[in-house]
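# Summary of structural features
Here is what each chain is made of, one letter per residue.
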Amino acid sequence: MGFLFVTVGGSMFGRYIWERYMLRVKVLEEWQRMLIEINGEINYSAQSMSQICRQMSKTSVYGKKFWDGIAKKTEERNAGLPGEFWREHLREYRYIELLSNEDKEIICQFGESFGTLDICSQINEIELFEKRLEKNLSDARQKMVEQKKICIVMGVISGMMTGICLL
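Small disclaimer: the values here were computed from a predicted structure and weren't measured.

### A few points about the overall build of the protein chain
Along the backbone of the protein chain there are six helices and zero strands. Sequence separation of 24 or more characterises 67% of the internal contacts of the protein chain that already satisfy a separation of 6 or more. Here the protein chain displays about 9800 Å² of accessible surface, and carbon together with sulfur accounts for 58% of that area.

Next comes the structure, spelled out in structure tokens:
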């Protein structure tokens, strides 16, 4: 009975590892959606940066607190450069550890230019970041599919090995 319990536990651990890959994909999909929404808000509604961030906060699943923090900072007078507080809030972003260094860099670079350019340049920048993020999202999806079986099998094997050692 203990052997089965440990094996199942190992399998659950493998699934946990795979779910982290899956969550990275979901977080990147949200960032992609946010870039599209921001592009639309800038292009069609001409809202301020803080209004756009408030809107993103309402629709975000994974970054509500992040967008709220950015909105508050942009509302303050003399808050500094957007890139400074963007990086600060990104460090506190709950899902940051799931993202690759390249994902983080794309998001940081976007934050440094967000709200600092004229509308035409801003739209072009956002489209550039969308393309870069799409490549990373595609890679993350591929890696998630590749890792699913490996993580689950490795979890079962580690559980079985632990069970054997405990016998």
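Structure shown, so let's carry the discussion forward.
### Here's the deal with the confidence of the model for the protein chain
Low-confidence regions, as indicated by low pLDDT, have predicted coordinates that should not be scrutinised in detail. The pLDDT averaged across the protein chain works out to 79; a share of 73% of its residues lies at or above 70. Low confidence marks residues 1–10, where pLDDT is under 50. Its contacts with residues over four positions away, or in another chain, come to 15 contacts.

### Points about the pattern of salt bridges
In this structure the tally under the stated criterion is eight salt bridges. A salt bridge links Asp68 to Arg54; the nearest nitrogen and oxygen atoms lie 3.4 Å apart. In this pair, Asp68 is assigned in helix H3 (residues 64–75) and Arg54 in helix H2 (residues 49–59), connecting sequence segments 14 residues apart. On the accessibility criterion, Asp68 (24% relative accessible area) is partly exposed. Judged by relative accessible area, which is 28%, Arg54 ranks as partly exposed. Within the structure, one salt-bridge network assembled from shared partners comprises Glu30, Arg33 and Glu37.

### Here we look at the nonpolar core
A general feature of soluble globular proteins is that nonpolar side chains tend to end up buried together. Trp31, Ile38, Trp67, Trp86, Leu90, Tyr93 and Phe114 are the most contacted members of the largest nonpolar core, which has 37 residues in total. Of all the elements in the fold, those that place two or more residues in this core are helix H1 (2–45), H2, H3, helix H4 (82–91), helix H5 (101–113) and helix H6 (119–166). Each residue touching Trp86, except ones within four places of it in the same chain, is listed here: Trp31, Phe66, Trp67, Ile70, Ile107, Cys108, Phe110, Gly111 and Phe114.

### Some thoughts on the packing of aromatic side chains
The full count for this structure, using the stated rule, is 14 aromatic pairs. Their ring planes at 85° and their centres at 5.1 Å tell us that Phe66 and Trp86 sit as a pair that is edge-to-face. Taken together, the positions of Phe66 in helix H3 and Trp86 in helix H4 put the pair 20 residues apart, joining distant regions of the chain. Across this residue pair, the class does not change: Phe66 and Trp86 are buried. When the ring of Tyr93 is compared with that of Tyr95, the centres are 6.0 Å apart and the planes differ by 65°; the resulting orientation is edge-to-face. The burial state of Tyr93 is the same as that of Tyr95; both residues are buried. Through pairs of rings, three or more aromatic residues link up here, namely Trp31, Tyr62, Phe66, Trp67, Trp86, Tyr93, Tyr95, Phe110, Phe114 and Phe129.

### A word on the environment of Ser50
Along the chain, the position of Ser50 falls in helix H2. Residue classification places Ser50 among the buried positions, given a relative accessible area of 12%. On a C-alpha basis, the gap between Ser50 and Thr74 in space is 5.4 Å, while along the polypeptide they are 24 residues apart. Those residues in contact with Ser50 that sit more than four places away from it in its chain are Ala71, Thr74 and Glu75.

### Here's the deal with the environment of Gln109
Within the secondary structure layout, Gln109 lies in helix H5. What makes Gln109 partly exposed here is its relative accessible area of 27%. In this structure the C-alpha to C-alpha distance between Gln109 and Phe129, which are 20 residues apart in sequence, comes to 8.5 Å. Setting aside residues up to four positions removed in sequence, Gln109 forms contacts with Phe129 and Arg132. Here Arg132 takes part through its side chain, which lies 2.6 Å from a polar atom of the side chain of Gln109.

### A look at H5
For an α-helix the count is 3.6 residues per turn, leaving residues at separations of three or four pointing the same way. Across its 13 residues, H5 extends 19 Å between first and last C-alpha, which sits within 8% of the 18 Å expected from 1.5 Å per residue. Of the residues trailing H5, Gly115 is marked for its positive phi of about 80°.

Here is what the cut-offs are and how they apply
By convention here, each chain's residues receive numbers from 1 onward along its written sequence. With the structure being a predicted model, the display of local features is reserved for residues of pLDDT at least 70 and the display and counting of side-chain atom pairs for 80 or more, all residues being used for whole-chain, interface and lining totals. Values reported for side chains reflect all heavy atoms of the structure, with hydrogen atoms and water molecules removed beforehand. Helix and strand labels come from DSSP, where a helix needs a run of H or I of at least four residues and a strand needs a run of E of at least two; each type is numbered from the N terminus. Every residue pair with non-hydrogen atoms within 4.5 Å of one another is taken to be in contact. Note on areas: Shrake-Rupley, 1.4 Å probe, and residue coverage restricted to the protein chains presented here. Scored from 0 to 100, pLDDT records how confident the predictor is in each individual residue. Within this document, salt bridges are pairs made up of a side-chain nitrogen of Lys or Arg and a carboxyl oxygen of Asp or Glu, the two lying within 4 Å of each other. Per-residue accessibility, obtained with a 1.4 Å probe over protein chains only, is compared with the maximum for each type, and a residue is labelled buried under 20%, exposed over 50%, and partly exposed between these values. Side-chain atoms within 4.5 Å link the members of a nonpolar core, which is a set of buried Ala, Val, Leu, Ile, Met, Phe, Trp, Tyr and Cys residues. Aromatic contacts are taken between Phe, Tyr and Trp rings whose centres are within 6.5 Å, Trp giving its six-membered ring; a plane angle under 30 degrees counts as stacked, one over 60 as edge-to-face, and the others as tilted. For this analysis, a polar contact is any N or O atom pair within 3.5 Å, provided that within protein one partner can donate a hydrogen and the other can accept it, and provided that sequence-adjacent residues contribute only side-chain to side-chain pairs. What a helix should span is 1.5 Å times the count of its residues minus one.

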